[in-house]
Amino acid sequence: MRAISPRNRIQLPLVVIFSVSVSFAQSFRQDTYHTPNRPSDVFIADLNHDGHPDIVTTQSTSNMVTVFLNHGNGTFTDGGSATYLVGGSFPQRILVADFNQDGNPDIATGTCDLSQPNFLSILFGNGDGTFQPHVDYRIPGGCALGLGTIRVAHDTAPSLIVGIGWPGVQLFRNDGTGTFHLQIIPTTGNMVGVSAADYNHDGIADIAAIEYTTIAQLVVFYGDASGGFGAAQTVQTSNPPNFLETNTVDFTGDGVGDLLVPWEFDLQSGVTAFANNGFGKFTSTTLTLAPGYILPGFRAAEGDFTRGGFHGIVLPVSGTGTEVPDAVAYFPAHGKGVWSPPVYLPLRANSDPHSASVADFNHDGLLDFAMVTSADDTLHVFINDSCPLPTKAGIAVCSPVRGSTVGSPVRISATAKGGTRPIVAMKAYIGGKQVASSGNNMLNASVVQISGKHTLTINAWDSAGKLYQAIETFAVTGPKSF
């Protein structure tokens, strides 16, 4: 047996839970957990109705899935809370939805084995975070190189769509009870990376996918009221990047599906953000990673991580090795559909990062995200530990605390909130000298300062140029000079 994988890498030793912090416009704490047997995908949902987001991951080399139940504070059991068998070999994709409409979340997986039959497996949920034995459906002709949900036409229950790397999108249509019947949506090219939403705002769900003919292109199949789909409509041809997969999101915040498409070409990589104008017409913004980051994970994610009204993007990415270790690229937003250059949250070299997904794990009002790395069997949970927003328009300074005495380097952590307009820039000054800045409403920095008393001034500007200001005094212990 052999599974399709973006990279073949030597497995690294077991990873134990640890934490690191990164200082930039925003701050995340990285907690890592062991998730066994080469996890290739991650999905977030409340599996036991306790109001806390839980996590499921695939075990691509053991034909199982791992469930991580949230302890309620954004932490999880190392190794997972439970594991469950699925049908077939090498489960590559996973998602959660209520397929039998009993109010409980169910798990769906799709396998990708080059030498054996491949299957969709449905694990119906009991509502308490446990799941029933898998029910399987054969994936004819290929394997799961893309898995998504769709409510076809006026159906109330979610169906499943699969891109198999061969012509045709496979639609497993739900009869409303959690039983599926295969339909083929014909295509001329090979299909991967499927996703779905009502892109043209006509009340009927459509399908987005990557189609490979001589080159890759992003296409949309528009649905109709009868449950059928029209011919593929090209959104953009990859010229020259190689599009990898689609993920339907809403980074413009208008309730209409936008798309994130990771890409790679000639030892470079990045993600293209397709903003939907509300009628199925897309405007693209291509975000490129620094040289040495050569292969993105197949699913990028986004969210309003600053609660400032603008959505940042996170993208798992593989580097060239020890010279450029693997990382998560975080693109901070500084406008609607406008992003600053990426900040890299480091991972282990050759760890093989894959998909990312977003949720507020610890219920502090700030979005966090999770992702998996396959080669070192690790689930990474990035907890957003930025300074909380002020309760009214103005600036909140979390560090240094007013009147406190701190060591050097000094951590500066602050957030800002506008009145009727969003904050678009912040700057920090110590003794009148600018020491840090950001392009959104969060600022985190580490600044070396000599001992003595200091005055910290933080300015923030909204989109109309209105200035907000906070002034704090603090002291630094240590040598009198550098």
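Only a predicted model underlies this, so the values are computations on that prediction, with no experimental measurement involved.

## A few points about the overall build of the chain
From N to C terminus, the chain includes zero helices and 40 strands. Taken over C-alpha atoms, the radius of gyration comes to 23 Å for the chain, in line with the 23 Å a tight globule of 482 residues would show. Its C-alpha atoms put the chain at 75 × 45 × 45 Å along the principal axes. Burial statistics for the chain: of 482 residues in total, 58% are counted as buried. Taking the intrachain contacts of the chain between residues at least 6 apart in sequence as the baseline, contacts between residues at least 24 apart amount to 51%. With an accessible surface of roughly 18300 Å², the chain has 53% of that area assigned to carbon and sulfur atoms. Seen as two clouds, the 24 positive and the 38 negative side-chain charges of the chain have centres 13 Å apart.

## What to know about the layout of surface pockets
Counted as a void, the largest pocket has a volume near 540 Å³. Lining the largest pocket are 23 residues, and of these F43, S195, N247, T248 and R299 lie nearest its centre. Mapped by element, the contributors of at least two residues to the lining of the largest pocket are β3 (42-45), β7 (91-97), β11 (147-150), β14 (180-197), β19 (247-249), β24 (301-303) and β30 (353-359). Along the lines of polarity and charge, the residues of the lining of the largest pocket split into 13 nonpolar, seven polar and three charged.

## A look at the sheet that holds strand β8 (residues 106-111)
Taken in spatial order, the four strands of this open sheet run β7-β8-β9-β10, and their pairing is antiparallel. Looking at strand neighbours, the two that pair on one side only are β7 and β10 (135-139), the edges of this open sheet. When the angles between neighbouring strand axes are averaged without regard to direction, this sheet yields 20 degrees. As defined by bridge partners, β7 adjoins β8 across six bridges and the pair is classed as antiparallel. Directly across from P91, in β8, lies its bridge partner T111.

## Some remarks on the sheet that holds strand β16 (residues 216-221)
Taken in spatial order, the seven strands of this open sheet run β11-β12-β13-β14-β15-β16-β17, and their pairing is antiparallel. On the outer flanks of this sheet lie β11 and β17 (233-237), each paired with one strand and no other. The average angle at which neighbouring strand axes cross in this sheet is 30 degrees, direction not considered. With four bridges connecting them, strand β12 (residues 159-163) and strand β13 (residues 167-174) associate as antiparallel partners. Counted as the bridge partner of L160 is F172 from β13.

## Some remarks on the packing of aromatic side chains
By the definition in use, this model includes 15 aromatic pairs. Ring centres of F76 and F361 lie 5.7 Å apart, and the angle between their planes is 85 degrees; this geometry places the pair in the edge-to-face category. Within this pair, whereas F76 is found in the loop between β5 (64-68) and β6 (82-85), its partner F361 is found in the loop between β30 and β31 (368-373), the two being separated by 285 residues in sequence. By relative accessible area, which is 3% here, F76 ends up buried.

## Details of the nonpolar core
Residues I395, I412, M426, A428, L456, I458 and A460 are the most contacted members of the largest nonpolar core, which totals 20 residues. Counting only elements with at least two residues in this core, the list comes to β35 (410-417), β36 (423-430), β38 (442-447), β39 (452-462) and β40 (467-476). With near-sequence residues (within four places) excluded, I458 lies in contact with I395, V397, I412, A414, M426, K427, A428, Y468, Q469 and A470. Counting 19 residues, the second-largest nonpolar core is a separate cluster that includes V271, F310, V317 and W339.

## Digging into the pattern of salt bridges
Proximity of charged atoms lets side chains of opposite charge pair with each other. By the definition in use, this model includes five salt bridges. Between R173 and D155 there is a salt bridge, with the nearest N and O atoms lying 2.9 Å from each other. A residue pair is termed long-range when its members are at least 10 positions apart, and R173 in strand β13 and D155 in the loop between β11 and β12 qualify at 18 residues. D155 gets classed as partly exposed once you look at its relative accessible area, which sits at 23%.

## As for the state of the cysteines
Counting across every chain of the model gives two disulfides. Here C112 connects covalently by a disulfide to C143, the sulfurs 2.0 Å from one another. In this pair, C112 is assigned in the loop between β8 and β9 (118-123) and C143 in the loop between β10 and β11, connecting sequence segments 31 residues apart. When sorted by exposure, C112 lands in the same class as C143, which is buried. Each sulfur of the disulfide joining C387 and C398 lies 1.9 Å from the other. Measuring handedness by torsion sign, the sulfur bridge of C387 and C398 sits at about 75 degrees and is right-handed. Residue C387 is located in the loop between β32 (378-384) and β33 (394-399), and its partner C398 is located in strand β33; the two are separated by eleven residues in the primary sequence. For C387, a relative accessible area of 2% translates into the label buried.

## Some details on the pairing of β5
Taken residue by residue, a regular strand's side chains alternate between the two faces of the sheet. Within β5, five of the five residues are buried, which leaves it mostly tucked inside the rest of the structure. Residues of β5 alternate between two faces, with M64, T66 and F68 on one and V65 and V67 on the opposite face, all of them buried. Relative to β5, strand β4 (residues 54-59) runs antiparallel, the two sharing five bridges. Among the inter-strand pairings, Q59 is bridged to a residue of β5, identified as M64. Remark: four residues form the turn of the hairpin made by β4 and β5, two consecutive strands paired antiparallel; N63 in that turn has positive phi of roughly 60 degrees. As paired elements, β5 and β6 share four bridges and run antiparallel to each other. In the strand pairing of β6, V67 is matched with A82.

What counts, and where the lines are drawn
Residues numbered from 1 in each chain as written. Predicted model: local features only at pLDDT ≥ 70, side-chain atom pairs only at ≥ 80, totals over all residues. Heavy atoms only, no water. Helix = DSSP H or I, 4+ residues; strand = E, 2+ residues; numbered from the N terminus. Rg over C-alpha atoms; globule rule 2.2 N^0.38 Å. Buried < 20%, exposed > 50% of the residue type's maximum accessible area, 1.4 Å probe, protein only. Contact = heavy atoms within 4.5 Å. Areas by Shrake-Rupley, 256 points an atom, 1.4 Å probe, with all protein chains shown as cover. Lys, Arg positive; Asp, Glu negative; His and termini not counted. Charge placed at Lys NZ, Arg CZ, Asp CG, Glu CD. 1 Å grid on protein atoms, 1.4 Å probe; cavity = no way out; pocket = protein on both sides within 12 Å on 5 of 7 lines; lining within 4 Å. Points joined across faces, edges and corners; volume = space filled by probe spheres on them. Nonpolar A, V, L, I, M, F, W, Y, C, P; charged D, E, K, R; others polar. Pairing = 2+ DSSP bridges. Axes fitted to C-alpha atoms, helices over the stretch in contact; angles between N-to-C directions. Phe/Tyr/Trp six-rings, centres within 6.5 Å; stacked < 30°, edge-to-face > 60°. Core = buried A, V, L, I, M, F, W, Y, C linked by side-chain atoms within 4.5 Å. Salt bridge = Lys/Arg side-chain N within 4 Å of Asp/Glu carboxyl O. Disulfide = S-S within 2.5 Å.

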